[in-house]
Each structure stands twice: as structure tokens, then as C-alpha cells.
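In case you want the letters, here they are:
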Amino acid sequence: MSVAERLSRPTRKRGRVVSTRLLRSEIGLIAGRRRNQMGLLVLAALPIVLAIAVKVSNRTAGGGPDFLDSVTSNGLFVSLAALTVEMGLFLPLAIAMLAGDAVAGEANLGTLRYLLTVPVRRTRLLVVKYASLCFGALWGVTVVAVVGAAIGIALFGTGPLTTLSGSQLPFGAASGRLVLVVLYCSAGIAALGAVGLFISTLTEQPIAATIALTIFTILSWILDGVPQLDWLHPWLIVDQWLAFADLLRDPPFWDNILRGLSVDAGYAVVFWLLAWARLAGKDITS
Amino acid sequence: MTLPATRAPEISTEDRPPSAVDLAIETVGLTKRFGGRAAVDGLQLEVPRGSVYGFLGPNGSGKTTTIRMLLGLVEPTSGTRSLLGCRVPSESATVLPRVGALVEGPAFHPYLSGRRNLARLDAADLWSDPRTASRRIDAALDRVGLLAAATKHYRAYSLGMRQRLAIAGTVLAHRDLLVLDEPTNGLDPQGTREVRHLVESLAHDGATVFISSHLLSEVEQICTHLGVMSDGRLVAQGPTQELRSRGERTVRVTTPQPTEAAEVLRGLGVSGVEVGAGEVHGTPGATEPEVIVAALVHADVRVRGFAVMTPSLEDLFVDLTGEGFDVSG
Ligand SMILES: Nc1ncnc2c1ncn2[C@@H]1O[C@H](COP(=O)(O)OP(=O)(O)OP(=O)(O)O)[C@@H](O)[C@H]1O
Ligand SMILES: [Mg+2]
């Protein structure tokens, strides 16, 4: 009975203004979900496959080609190659799954109505949900880069990295560049996450939100590849995603990077606001 | 017997200054239309503080929609609502932490355990103290008898266990008001009784409890007040005793001299006197039972039995909401 007595004490301290508890709970939910762990394994598998393929083909090439040798002289190359491939579809698909869960998933389970009656203000919910998507983006990209670097170093060692400008970067500086690449790619995926968050407020079916965001990504890539639409390209979210290669020049070439970041920021702000406009006045009947 | 549909809501809205009565829930003209059809129509709910209020109505009569509006999940087409004196939704942030809510059944993350689901709800609450979280969660689980199943995945819970977990969620912290939408849905008889005890203990601690249900039997024992919905409208509202006494009483006299007894009853102004085999029935109206008994004895009628029968709440409920089985759509 003592617990019940304590429970029934008549006063409760007034609420705090900010707390990281919900965000931590959200990240725990994402990280703890089996499906997400599997997705992360898939993301991590690609650099491994890539590295082994390069290693094997290098060996069977037999003639000792200088170019492949110089590329494979630094294991960090595997991270960059893997990111180039995964930014196309795998990472967008991963963020699409998380975004589907974010609002549509909670609506589908019915947990959205219980979160809102706790109460969690709708604005706060969207801030926390988007923060967790940004975390997810960073986490996914980091896993690809770290696994790529690990397998790359294991197979190809830590020699100097030949930049796209032809000069050589020592391993330490090259690692610093890789961190920049990870942050840049994460920004792109996180911006896509804002689009996903908005789509997620439109439906109660998480899978529908996931598919819609995946289609959005693929369409963006297709449009980006049509030369006749070059006026549109600067507005496409994916247009500068692969510009991270510019971070590997000596010195880094910032123009495209900055342009990419501003497009990312634009998408993030506009679509977060759209999500807010949609959710703020919505009747929660799920 | 049918009560006029507008009688109850009109009782006190006219001559009452807006906040003179201390109400835990108050709605004025609360209306929600889905498409063209009103799911809730001009609701004037008045739930006094400290009451246990049974919110009754058949399927589809608008109970859940009303609760969603009270909690700010659904925006009404027109009308206002306040909880514990605070307007919803403008003051939701300060009032909802004091309100525990169960809306249309339990909903949790299937791949989290019961305890972790409650921890998530607690984490979402800016008012709750993280240092006491695990103690409060265990106390809540204990209160609904789920402590032994606390680490099981929610997916593996039975219907009744899920319902219990949702109830546990409503008592995670101190609440001044509980809004429970069909809390005993899916519970076994023990579970139903425990919910009743829980409601009683919460009410004893001073909380107001608002329970929606379509099962009269489960609420009539614990509710001090009742509101009856039918097709989106509140057709009756008031203290349980008052509603109960609304139905007309009848008397039954068991006697070997029914004809004489009937004479006496008619003489007292009892209406609708019917003579049966060894029995007489009648509707006494304003005539008090003791007067009838005295008159019968005085007239030397041999009385073997005398009973005053008030209609059950169930009769009243059916009278108010109609006999039909079909949901009005
Ligand atoms: N999202 C919605 N869109 C359209 N109509 C709705 C919606 N939600 C509820 N309704 C309608 O509103 C009416 C009231 O529904 P509500 O869920 O409030 O009933 P209820 O009293 O809770 O019923 P039950 O006892 O079955 O739970 C019903 O006719 C229902 O069809
Ligand atoms: Mg309902």
C-alpha cells in the first residue's frame, strides 16, 4: 500500500521545458527494432562485398596495374566507394523505413493518440521525430563508412590516399576527409528524412510512406539524369549528393558541397514545416 | 415511457453562471461532424469534480468521438470543452499531465515489453520525474496485476493483458481526472472486478473518473453520475439516484382479496390498477407506499406481500436509447 500512497500524493512538480528522455526513448526504439538491425546489417554488408570483390579482381588481374594499385593503396577508398553506391538507393531506403515508422507507424499502432494525450505537443513530437531521423541518417552513413574503412584497412592497409587532384594525403588527413564525407552524406539523407516525415503525416500505413519516399528518391535520380531537364537539376535533392568526391580534392573544392548543403537545408526546413502544417490541425482518429 | 430528448441537457445551462459549479469536465455545444453526419451533436457534459461518471450509449453513439475531443485529439466542428477548469486545446499542456486516458482500446509497440512500453509513455511526459520512473512503473503494473508479465513482449499479451497495460498507463502518475473508454473491454470477471476496485480507490483518493461503456451492469454499481448518449446526443444526465427515480415506480400487492385491494388503491388515486390472480398492480404516482399499506390494513384487506418496484437502469437505458439492435449509421 505504501507505493499506492506515494502515487496518490496530491501534487506533482510542474513540467520541465525540455527533456531528452523522449528523444532517447525514440532512438532506443529505432536501434532496438529487429528490422532496423537487419537493415543496418545489409548496409554494412555492401562495403565488405565491395572490398572483397576489388581484392579478388586485383589478384586475378595478375598484371599488377598501377592505377588499381594506387587506389587500393589506402583502405579508406572502400568507404568512399560504398557510400557512392549506397547513396543511390540503400541509404534512402533505410531512412524511408525509419520515416514510415515515425508518424504513420505510430498512427497505425494507435500509439500516436497515447503520445499526444501524455501530452506531447505536436510540434515537440515532430522535433523529436525529426531529430531521431537525423540520428538514424548519421548512424547509417557512419556504419557504412566505418565498416568500409575497417575492411579496407584490413585488406589494403593504411597507405597515403591519392586525391582526385593527384596529390597524396597522409592517412590521418585522409581520415579527417572521410569524417567530412560522412557528415555531408548524412546531411543529404537527413534532408530526405524530412520529406519522409512529411509523407509519414499523410498516411496511417508506414509501408505506404516508405514506398512513397523511395519512389520520390528514384524519381529524383532519374530526373537528375535527364540532360534536357538541366534547369531542374539544381532543385533536386540528390543533385549534389555525390559531390562529396570534391572533399577528396586537394584542397577541397567547396562550391558544390555548399550548394548541396543549402539544397539539403531547404528541403529539411520546407518539408518539416509541411509536416507540421499537416499534423498540427489533423484529427487523430487512428 | 420515453423521456423528452432535450430534457437533461437543459437542466442547468440557462440559469448557471459559467464556472459556479466545480466541474471536472464541461462541454458547451460540443459538436463533431464527419462529412455531413453529426457523430456528436450539441453536447453539454457536466461532470462534477469527485464524481464517478458513467458515460453510456450504444455502439456508434459518439462516446469515443467525445473522448477524443475532450483530449484534444479531434477538433470539434463547434463548441468548447474544458477539463479541470482548463480549456482544451489551448491549455492542454498544463492539464493533460493530470489526466489519465484510455481511448478506444490499448495501443502499444508490439516488440517492446509491457514495462518498456510504460517507460516510453513516462519518458514522453515532461512532468514526470525520471528518478521515480521505475518505481512508478512497477507500482502501476502491480496495480493491474501485470507485474509477473512485465518483461513479456506486448505482442505476446492476451487481449485482457493488453487492456490491463493500458489501464496501468493511466495511473503512471498522480491524476486528478481519469477518462476511461470502455476499460473493462476484454477483461475476465476478476479483471472487471479489479477495475471496479481500482476506480473506487482512485475516486477515494479524490480523482474524478469518467468511464464510457455500453455495459450498464458494470458501471451502475460504481457510478455516482450517469450520462446517456444516443445517436450523438446526450439524452439524460444527472446523479444516478435521480435518474433511477425518474422511471415511475409501481406497487404490487399480493393478496387473496384482489378486488377489494384494487378498490382501496383506486380510492387512493393509484393509476393503472390491474387485477391479477392473487395480485394487484398499480402506479402510485405521488401516493407514498406507507399510505397505501395503512389504507389496505385499515380496509381489512389481507395483505400477504407488498412491493415497490423501481424500473432498473437497464429499462431506463433501453427507453432512452431505443430497443433497436441496428447501429444508426
Ligand atoms: N474518423 C471517422 N470518420 C467518419 N466517421 C466516424 C469517424 N469516427 C467515428 N465516426 C462515426 O461517428 C459515430 C460515433 O462513433 P464513436 O466511435 O464515437 O462511437 P462509440 O460510442 O464510441 O461506439 P462504441 O461503443 O462502438 O465504441 C459513428 O457513427 C462512427 O461511424
Ligand atoms: Mg467507442
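Refer to the preceding data block for the structure.
Presented here is a report on the structure given in the accompanying data block. Fair warning: this is a prediction, and the values are worked out from it, not measured in the lab.

### Considering the packing of helix 2 (residues 21-32) of chain A against helix 4 (residues 114-124) of chain B
For step 1, the next point in the chain: The geometry of helix 2 of chain A relative to helix 4 of chain B is characterised by a closest axis approach of 7 Å and an angle of 145 degrees between their N-to-C directions. Handedness of the crossing formed by helix 2 of chain A with helix 4 of chain B: left-handed. When helix 2 of chain A is examined against helix 4 of chain B, the residues R21, L22, S25, E26 and L29 of chain A are found in contact with a partner set consisting of R120, D122, A123 and A124 of chain B.
For step 2, the next point in the chain: Residues belonging to the contact of helix 2 of chain A with helix 4 of chain B are distributed by class as follows: four nonpolar, one polar and four charged.

### Looking at the site of ligand 1
For step 1, the next point in the chain: For ligand 1, the set of nearby residues contains 14 residues, the closest of which are N59, G60, K63, T64 and T65 of chain B.
For step 2, the next point in the chain: Neighbouring residues of ligand 1 are not confined to a single chain but are spread across chains A and B.
For step 3, the next point in the chain: The backbone of G60 of chain B places a nitrogen or oxygen atom 2.8 Å from an oxygen atom of ligand 1.
For step 4, the next point in the chain: One of the side-chain N or O atoms of T64 of chain B is found 2.6 Å from an oxygen atom in ligand 1.
For step 5, the next point in the chain: Calculation on ligand 1 without its partners gives an accessible area of 630 Å², and the protein chains cover 66% of this total.
For step 6, the next point in the chain: Of all elements in the fold, only strand 2 (37-43) and helix 2 (63-70) of chain B reach the threshold of two or more residues within the shell around ligand 1.
For step 7, the next point in the chain: Residue contributions to the shell around ligand 1 peak at three residues, all from helix 2 of chain B.
For step 8, the next point in the chain: Its residues placed into classes, the shell around ligand 1 shows three nonpolar, eight polar and three charged.

### Let's talk about the sheet that holds strand 9 (residues 208-213) of chain B
All names here are of chain B.
For step 1, the next point in the chain: Ordered in space as 7-8-9-4-10-11, the six strands form an open sheet in which the pairing is mixed. Each edge of the open sheet is held by one strand with a lone partner, namely strand 7 (99-102) and strand 11 (233-239). Taken pair by pair, the neighbouring strands of this sheet meet at an average axis angle of 10 degrees, ignoring direction.
For step 2, the next point in the chain: Judged from the four bridges that link them, strand 4 (residues 52-56) and strand 10 (residues 225-230) form a sheet pairing that is parallel. Across the sheet, L56 pairs through a bridge with V228, a residue of strand 10.
For step 3, the next point in the chain: Of the strands in this sheet, strand 4, strand 8 (177-181) and strand 9 are in contact with helix 7 (residues 189-204), which crosses strand 9 at around 150 degrees.
For step 4, the next point in the chain: Contacts from helix 12 (residues 313-321) reach strand 4, strand 10 and strand 11 within the one sheet, and its direction differs from that of strand 10 by about 35 degrees.

### Notes on helix 5 (residues 76-86) of chain A
For step 1, the next point in the chain: Burial of helix 5 of chain A is extensive: eight of the eleven residues sit out of reach of the surface.
For step 2, the next point in the chain: For helix 5 of chain A, every residue scored as buried is listed here: L76, V78, S79, L80, A81, A82, L83 and E86 of chain A.

### Some words on the interface of chain B and chain A
Accessible area lost on assembly of the parts is the figure often given for the size of an interface.
For step 1, the next point in the chain: Contacts between the two partners involve 48 residues from chain B, matched on the other side by 41 residues from chain A.
For step 2, the next point in the chain: Counting the surface lost from both chain B and chain A, the interface buries some 4000 Å², and carbon and sulfur atoms represent 56% of this.
For step 3, the next point in the chain: When the buried area of chain B at its contact with chain A is split by residue, R120, L126 and W127 of chain B rank highest and sum to 19% of it.
For step 4, the next point in the chain: At the boundary of chain B and chain A, one finds four salt bridges.
For step 5, the next point in the chain: For K32 of chain B, the salt bridge goes to D283 of chain A, with nearest N and O atoms at 2.6 Å.

Cut-offs and rules
Residues numbered from 1 in each chain as written. Chains lettered and ligands numbered in written order. Predicted model: local features only at pLDDT ≥ 70, side-chain atom pairs only at ≥ 80, totals over all residues. Heavy atoms only, no water. Axes fitted to C-alpha atoms, helices over the stretch in contact; angles between N-to-C directions. Helix = DSSP H or I, 4+ residues; strand = E, 2+ residues; numbered from the N terminus. Left-handed = near helix turned anticlockwise from the far one by under 90°. Contact = heavy atoms within 4.5 Å. Nonpolar A, V, L, I, M, F, W, Y, C, P; charged D, E, K, R; others polar. Near = heavy atom within 4 Å. Polar contact = N/O pair within 3.5 Å; in protein donor to acceptor, adjacent residues only side chain to side chain. Areas by Shrake-Rupley, 256 points an atom, 1.4 Å probe, with all protein chains shown as cover. Pairing = 2+ DSSP bridges. Buried < 20%, exposed > 50% of the residue type's maximum accessible area, 1.4 Å probe, protein only. Buried area = accessible area lost by both parts, 1.4 Å probe. Salt bridge = Lys/Arg side-chain N within 4 Å of Asp/Glu carboxyl O.

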